[in-house]
Amino acid sequence: MQIPTELQVRPGVEADLEALTDIYNHYVRETVLTFDTVAFTPEERLPWLRSHPEDGPHRLLVALDPGTRQNAPHVLGYATSSPYRPKAAYSTSVEVSVYCAPGATGRGVGTLLYRTLFEALADEDLHRAYAAIALPNEPSVRLHEAFGFRLVGTYGEVGRKFGRYLDVSWYEMSLLSRTAPSASPDPSRSRR
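Colleague: With reference to specific residues and values, describe the layout of surface pockets.
Modeller: Here the largest pocket is characterised by a volume of approximately 1100 Å³. The wall of the largest pocket is formed by 41 residues, among which Ser 97, Val 98, Tyr 99, Ser 140 and His 144 lie closest to the centre. Within the residue set of the lining of the largest pocket, elements represented by two or more residues are helix H1 (17-30), helix H2 (42-50), strand E3 (72-83), strand E4 (93-100), helix H3 (109-121), strand E5 (128-134), helix H4 (138-146) and strand E7 (164-174). Looking at the lining of the largest pocket, its residues break down into 24 nonpolar, twelve polar and five charged.

Colleague: Talk me through unusual backbone geometry; I want residue IDs and the actual numbers.
Modeller: Of the consecutive residues Leu 135 and Pro 136, the connecting peptide bond is found in the cis state with omega at 0°. Positionally, Pro 136 belongs in the loop between E5 and H4. Its identity is not glycine, yet Glu 157 carries a phi of approximately 50°, on the positive side. Relative to the assigned elements, Glu 157 resides in strand E6 (residues 150-161). Here Phe 162, not a glycine, exhibits a phi torsion of approximately 55°, which is positive. Within the secondary structure, Phe 162 is located in the loop between E6 and E7.

Colleague: Let's hear about the environment of Arg 107: which residues, and what values?
Modeller: Relative to the helices and strands, Arg 107 resides in the loop between E4 and H3. Here Arg 107 falls in the partly exposed class, since its relative accessible area comes to 32%. A polar side-chain atom of Arg 107 sits 3.5 Å from the main-chain carbonyl oxygen of Gly 103.

Colleague: Could you give an account of the packing of H1 against H2, naming the residues involved and the relevant values?
Modeller: Where H1 meets H2, the closest approach of the two axes is 10 Å, and the angle between their N-to-C directions is 100°. Compared by their axis directions, H1 and H2 come out roughly perpendicular. Where H1 approaches H2, its residues Leu 17, Glu 18, Leu 20, Thr 21 and Tyr 24 are matched on the opposing element by Pro 42, Arg 45, Leu 46, Trp 48 and Leu 49. Of the residues in the contact of H1 with H2, the class split is seven nonpolar, one polar and two charged.

Colleague: An account of the pairing of E5 is needed here, citing residue identities and associated values.
Modeller: The element E5 is extensively covered by neighbouring structure, given that five of its seven residues are classed as buried. The pairing of E4 with E5 spans three bridges and is parallel. Directly across from Glu 95, in E5, lies its bridge partner Tyr 130. Read as a crossover between parallel neighbours, the route from E4 over H3 to E5 is right-handed.

Criteria and thresholds
Residues numbered from 1 in each chain as written. Predicted model: local features only at pLDDT ≥ 70, side-chain atom pairs only at ≥ 80, totals over all residues. Heavy atoms only, no water. 1 Å grid on protein atoms, 1.4 Å probe; cavity = no way out; pocket = protein on both sides within 12 Å on 5 of 7 lines; lining within 4 Å. Points joined across faces, edges and corners; volume = space filled by probe spheres on them. Helix = DSSP H or I, 4+ residues; strand = E, 2+ residues; numbered from the N terminus. Nonpolar A, V, L, I, M, F, W, Y, C, P; charged D, E, K, R; others polar. Buried < 20%, exposed > 50% of the residue type's maximum accessible area, 1.4 Å probe, protein only. Polar contact = N/O pair within 3.5 Å; in protein donor to acceptor, adjacent residues only side chain to side chain. Axes fitted to C-alpha atoms, helices over the stretch in contact; angles between N-to-C directions. Parallel < 35°, antiparallel > 145°, perpendicular 65-115°, else oblique. Contact = heavy atoms within 4.5 Å. Pairing = 2+ DSSP bridges. Right-handed = clockwise from strand over helix to strand, strands pointing away.

Take a look at the structure:
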């Protein structure tokens, strides 16, 4: 798969909110890939956008195709790293996700977004990334496995959407943080 070189990836900003909401709402209304069942307004998604600052462990990156709509950049997809769980001891873990606009899937957009996201996260004090994949979703499984995620378990029939019960598989990946403390003991502090 050829990743488009003309695409630009940058942090998401409030001007992207309508396009980001449209992308997400497609998955809410048309698929089982998210367990939200009611579409959002951009105003309802604003706190979500603001919870992903430009730096830090919880980010929102967007892929733009320049000049495709009235000479303005067009949002083709986005990737996020969000808190895994709210308790403090989970702070070195993130949950990641990627969503592509309809018509932008299978073009390398998700790969480019994840590559950029994981490169940015390497400077954060993070240890693990987790991804939840509603099944079946072979393209998402392939994408995550290509980045080194491994299956750690599946919740059977954990959600119901469109009148059917759905399984969710959880995938895990080690993050090679450049800032995390070493797990091995400091040899100069060993007892004699």
